[in-house]
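Coordinate inspection notes
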Amino acid sequence: MARGKLRIHLGAAPGVGKTYAMLAEAHRRVERGTDCVVAFVEHHGRPRTEVLLHGLEQVPRRELAYRGGAFPEMDLDAVLARRPRVALVDELAHTNIPGSRNAKRWQDVEELLAAGIDVISTVNIQHLESLGDVVESITGVRQQETVPDEVVRRADQVELVDMTPQALRRRMAHGNIYRPDKIDAALSNHFRPGNLTALRELALLWVADRADAYLTQYRSEHRVSKIWGSRERIVVGLTGGPEGRTLIRRGARLAEKGAGGEVLAVYIARSDGLTSASPKELALQRTLVEDLGGTFHHVVGDDIPAALLAFARGVNATQIVLGSSRRKTWQYVFGPGVGATVARDSGPDLDVHIVTHDEVARGRGLPVARGARLGRSRRVWGWITGVAGPPLLAALLNAVDLGLANDMLLFLALTVAAALLGGLLPALASAAVGSMLLNYFYTPPLHRWTIADPKDIVAIVIFVAVGVAVASVVDLAARRTHQAARLRAESEILSFLAGNVLRGETGLEDLLERVRETFGMESAALLERASDVEPWTCAGRVGRGHPVDRPDQADVDMPVGDHMALALTGRVLPAEDRRVLAAFAAQAAVVLDRRRLREEADRARTLAEGNRIRTALLAAVSHDLRTPLAGIKAAVTSLRSEDVEWSEEDRAELLAGIEEGADRLDHLVGNLLDMSRLQTGTVTPLIREIDLDEVVPMALGGVPDGSACLDVPETLPMVAVDPGLLERAMANLVENAVKYSPPGAPVLVAGSALADRVEVRVVDRGPGVPDEAKERIFEPFQRHGDAPRGAGVGLGLAVARGFAEAMGGTLDAEDTPGGGLTMVLTLRAAGTRPEHHRAAEPERQAT
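Now for a description of the structure that goes with this document. (Residues numbered from 1 in each chain as written. Predicted model: local features only at pLDDT ≥ 70, side-chain atom pairs only at ≥ 80, totals over all residues. Heavy atoms only, no water.)

On the basis of which strands lie adjacent, the open sheet formed by four strands has the order β15-β14-β17-β16 and antiparallel pairing. Either end of the sheet is taken by a strand with one partner, and the two such strands are β15 (537-543) and β16 (556-559). With direction set aside, neighbouring strand axes in the sheet form an average angle of 15°. For strand β14 (residues 523-528) and β15, the ladder comprises six bridges, and the chain directions are antiparallel. Paired with S523 across the strands is G543, a residue of β15. (Pairing = 2+ DSSP bridges. Helix = DSSP H or I, 4+ residues; strand = E, 2+ residues; numbered from the N terminus. Axes fitted to C-alpha atoms, helices over the stretch in contact; angles between N-to-C directions.)

Spelled out as structure tokens, the structure:
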């Protein structure tokens, strides 16, 4: 019996329309005459979904008793007995009620497929087993119902049912997904815009990966070697020369012209390791590729054009970017060159771009890594074996007659031993001495330098030739083994640089310490100077010993540009070590430049912020503070005037004006003082564990009665906060919300728990704030739109965010479904470690 086919409708969240799409597909198949039944579909009270069930045959469900209740489940036996052509089974990750045949619904689906029944099902991306940890980190909730990834990957069709987070939240607010009593909780938790956006990205990436894997499998099964340009993939061939940066930028520009373009830079090295590019230049090019969003690849191949084309076809590339040859004119006698060969063999499916650059026809100039030298002790023993060994062996053979053939084999073995110990030259010496001794002692006429039998001449010549050949092979193998070990060590060092330094994970002192440890030096220092006539200064130093003030005082100095050098003390390094040292020196310069640029940016940002704050403060003092002062002065002057007789009502009104102006001044001065504390970094929170219902109600004391309602459950976990800072932040948030809420629409202050966080949401029904202004309203002295001057100086939200971040929390603005603005204050639950959510974005901090 043929196995049934599985079709899955995959969505990012509940409510995107998976079940609706599944039922619509069922109606299309029924109209075509396909025998299709509903094995189990849950409409969740959604009217439009329920309507689609009409006209479809439904298999009666099976009722199972569990813990005093009856629960409906799919009747697997009834569906198998009915044997439809297609069965609809909703919620693939569902856990069956105990007492069912299988623990999971996907296991029921496997039985239907094994019986030859096609199945159409639905699943959300958060229910895939491999994504459990990722989804928990996004939503704060661990999914208990999961389905193995392999079940979904084996599906014959996976259709993505997509919807934007904004559209899904509108559907939620309109009551099309959950009941009205669950809407607010859902919008505040799982259906937050950030959660939906992240889950949607997971779903899109998962489907894209599956499509790419299917395409690769199809090409492999059908042996498709032709390039399919499903997306632009630009392969940039690098030689390690300085022209590589030009090629990478050209490839990036080509990739930008097509949607979803990728850049893959590839450097091909020979397998013997005899030639290689400059490590410094490759490190710079790797950084450039990654900064432009591409990837860097290192491929080994002796035939460079063939290896480059094989790599391009393997990644389904559409274009190859190469530089014009750096070879001089006379060098073309050895062949047409890599660019011409690749263009000739690329075929019609690969476009090859030959890019000109400044290094054309200037020669290759690549450094050659020569064979590794053997140790001194090994060379000494090799010469002893090659020179003294043959006479000793001849003395032993004079006492025993083994025949000329055996004598030659023993001398040959001695030559191989000399090659293993000392390399080629001791082996050649051993072959020469051995041939002379063979001639003198063992070739007739004996004890004479002549040879009577021509056959013996041939034997000795063959002995010398074999000895030289074997010595050459053994010497080459020994050097290659030593060289491979050295190159492996170099690759580990360069991998460390690429993985740590290029990503900014290592400081200058850490890098210098790594240099000192790698080369076994006493000290390492990075020296620099402004010009050729300026003295050298030390940018960083590690290690012990006498400090080095100039590069010429060091045992080893590696220049970096014209006015910087890496200086090492302890011993003199061999020439082959300077290649790796150059890579370290280049990265040290990059780290130093990055650190200085970061410091300059911080200073510039601090100066700009200080200037902006001072300018705004002067504007605030000139108007917002003078207005209440003028009102107070006018009221006091009126009360003290003897020309007018004021009634009790007038006196009470003037006194109320004075009190209102004083309160306004007190509030403005308080916010100014709080802002100055945040600016100077003197806010030191006293964190302790406390219940929200002890602090939040106190923040509502400054707003009119009935203008705000509180919904903070007593079951919420305790939070780790500074009560005073929390109260001040909440007071500013509530006051701001009340200010913009229309009459008769009280502000809602609600609390909820989410994983290790507690959220306090201040919800108003005012005009709201557009997305592009949601961050700007948290900046000091910023008031959105045409807020009147009497609305304050624009410090309330800035102070609230500053206090929230000082306590290890966050403050963000979201749209209120149906209109308005919601301020979301996220705090740490008691017993959790603080997380600096905005440490990577200092420019957004109120401080």
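From this point, the narrative continues.
Core analysis: the biggest nonpolar cluster contains 42 residues, and L692, L726, M730 and M823 have the highest contact counts within it. Those elements that provide at least two residues to this core are α22 (696-699), β20 (719-721), α23 (723-740), β21 (747-754), β22 (757-763), α24 (796-806), β23 (810-815) and β24 (821-828). Those residues in contact with M823 that lie beyond four places of it in its chain are L733, V760, R761, V762, I777, F778, L797, L811, D812 and A813. (Core = buried A, V, L, I, M, F, W, Y, C linked by side-chain atoms within 4.5 Å. Buried < 20%, exposed > 50% of the residue type's maximum accessible area, 1.4 Å probe, protein only. Contact = heavy atoms within 4.5 Å.)

Using the criterion set out here, one finds 26 salt bridges in the structure. Residues R82 and E57 are paired through a salt bridge, measuring 2.9 Å at the closest nitrogen-oxygen approach. Of this pair, R82 sits in helix α3 (residues 76-82) while E57 sits in strand β3 (residues 57-58); the two residues are 25 residues apart in sequence, bridging distant segments of the chain. For R101, the salt bridge is made with D77, and the minimal N-O distance between the two is 1.8 Å. In this pair, R101 is assigned in the loop between β6 (86-89) and α4 (105-114) and D77 in helix α3, connecting sequence segments 24 residues apart. Given the relative accessible area of 45%, R101 is considered partly exposed. (Salt bridge = Lys/Arg side-chain N within 4 Å of Asp/Glu carboxyl O.)

With that settled, the discussion passes to a negative patch on the surface. Judged by side-chain charge, E648, E649, D650 and E653 come together as a negatively charged surface patch. Note that E648 resides in helix α21 (residues 648-680). (Patch = residues over 30% accessible without salt bridge, like charges linked within 9 Å, V, L, I, M, F, W, Y side chains within 5 Å. Areas by Shrake-Rupley, 256 points an atom, 1.4 Å probe, with all protein chains shown as cover. Lys, Arg positive; Asp, Glu negative; His and termini not counted. Charge placed at Lys NZ, Arg CZ, Asp CG, Glu CD.)

This paragraph deals with the sheet that holds β21. Spatial strand order, β19-β21-β22-β24-β23: five strands in an open sheet with mixed pairing. The sheet is open, and its two borders are formed by β19 (708-711) and β23, each paired with just one other strand. Geometrically, the sheet is characterised by an average inter-axis angle of 20° between neighbouring strands, direction not taken into account. Bridge count between β23 and β24: six bridges; the pairing is antiparallel. Counted as the bridge partner of T810 is T826 from β24.

Once that is clear, we can look at the packing of helix α14 (residues 376-398) against helix α16 (residues 424-442). Where α14 meets α16, the closest approach of the two axes is 8 Å, and the angle between their N-to-C directions is 20°. Taken together, the axis directions place α14 and α16 in an arrangement best described as roughly parallel. The element α14 and its partner α16 pack so that their crossing is right-handed. Where α14 approaches α16, its residues G382, W383, G386, V387, P390, P391, A394, L397 and N398 are matched on the opposing element by L425, P426, A429, S430, V433, G434, L437, F441 and Y442. (Parallel < 35°, antiparallel > 145°, perpendicular 65-115°, else oblique. Left-handed = near helix turned anticlockwise from the far one by under 90°.)

Below, the discussion takes up the pairing of β22. Every other side chain in a regular strand lies on the same face of the sheet, so the side chains alternate between the two faces. Judged by how many residues are buried, β22 sits mostly within the fold: seven of seven residues are covered. Of the two faces of β22, the one carrying R757, E759, R761 and V763 and the one carrying V758, V760 and V762 are both buried. In this sheet, β22 lies alongside β21 in antiparallel orientation, the contact comprising seven bridges. In the sheet register, L748 faces β22, and the bridge partner there is V763. The turn linking β21 back onto β22 is made up of two residues, and A755 within it adopts a positive phi angle of 55°. Examined bridge by bridge, β22 and β24 share seven bridges and lie antiparallel to one another. The partner of E759 across the bridge, within β24, is T826.

This part takes up helix α5 (residues 132-139). Listed in full, the buried residues belonging to α5 are G132, V135, I138 and T139. One side of α5 carries all its buried residues, which in axial view fall inside an arc of 130°. In α5, the exposed positions angled more than 90 degrees off the buried face are occupied by D133 and S137. Just downstream of α5 lies G140, where phi reads positive at about 80°. (Arc of directions from axis to C-beta.)

The next point concerns unusual backbone geometry. Of note, the phi angle at H44 is positive, near 55°, even though the residue is not glycine. Judged by its relative accessible area of 43%, H44 falls in the partly exposed class. Non-glycine residue E91 carries a positive phi angle of around 55°. Mapped onto the elements, E91 comes out in the loop between β6 and α4. Residue classification places E91 among the partly exposed positions, given a relative accessible area of 26%.

Most of strand β1 (residues 6-11) sits out of view: six of its six residues are buried. Here β1 shows two buried faces, one formed by L6, I8 and L10 and the other by R7, H9 and G11. In this structure, β1 lies alongside strand β7 (residues 118-124), joined through six bridges in parallel fashion. Bridge pairing links G11 to N124 in β7.

Moving on: the side chain of D722. If you trace the backbone, D722 turns up in the loop between β20 and α23. With no salt bridge to any partner, buried D722 finds its closest opposite charge in R688, at an N-O distance of 6.9 Å. Ignoring any residue separated from it by four or fewer positions in sequence, one finds D722 in contact with T684, P685, L686, I687 and M807.

Attention now moves to α23. For α23, spanning 18 residues, the distance from its first C-alpha to its last is 26 Å, which sits close to the expected 26 Å at 1.5 Å a residue. Turning to α23, its buried residues number three or more, namely P723, L725, L726, A729, M730, N732, L733, V734, N736, A737 and V738. (Expected span 1.5 Å × (residues − 1).)

Moving on to the packing of helix α15 (residues 404-422) against α16. Where α15 contacts α16, the two axes come as close as 7 Å, and the packing angle between them is 160°. By the angle between their directions, the pair α15 and α16 is classed as roughly antiparallel. Judged by the twist between their axes, the crossing of α15 over α16 is right-handed. Where α15 approaches α16, its residues L404, D407, M408, F411, L414, T415, A418, A419 and G422 are matched on the opposing element by L424, P426, A427, S430, A431, G434, L437, L438 and Y442. The class makeup of the residues in the contact of α15 with α16 is 13 nonpolar, four polar and one charged. (Nonpolar A, V, L, I, M, F, W, Y, C, P; charged D, E, K, R; others polar.)

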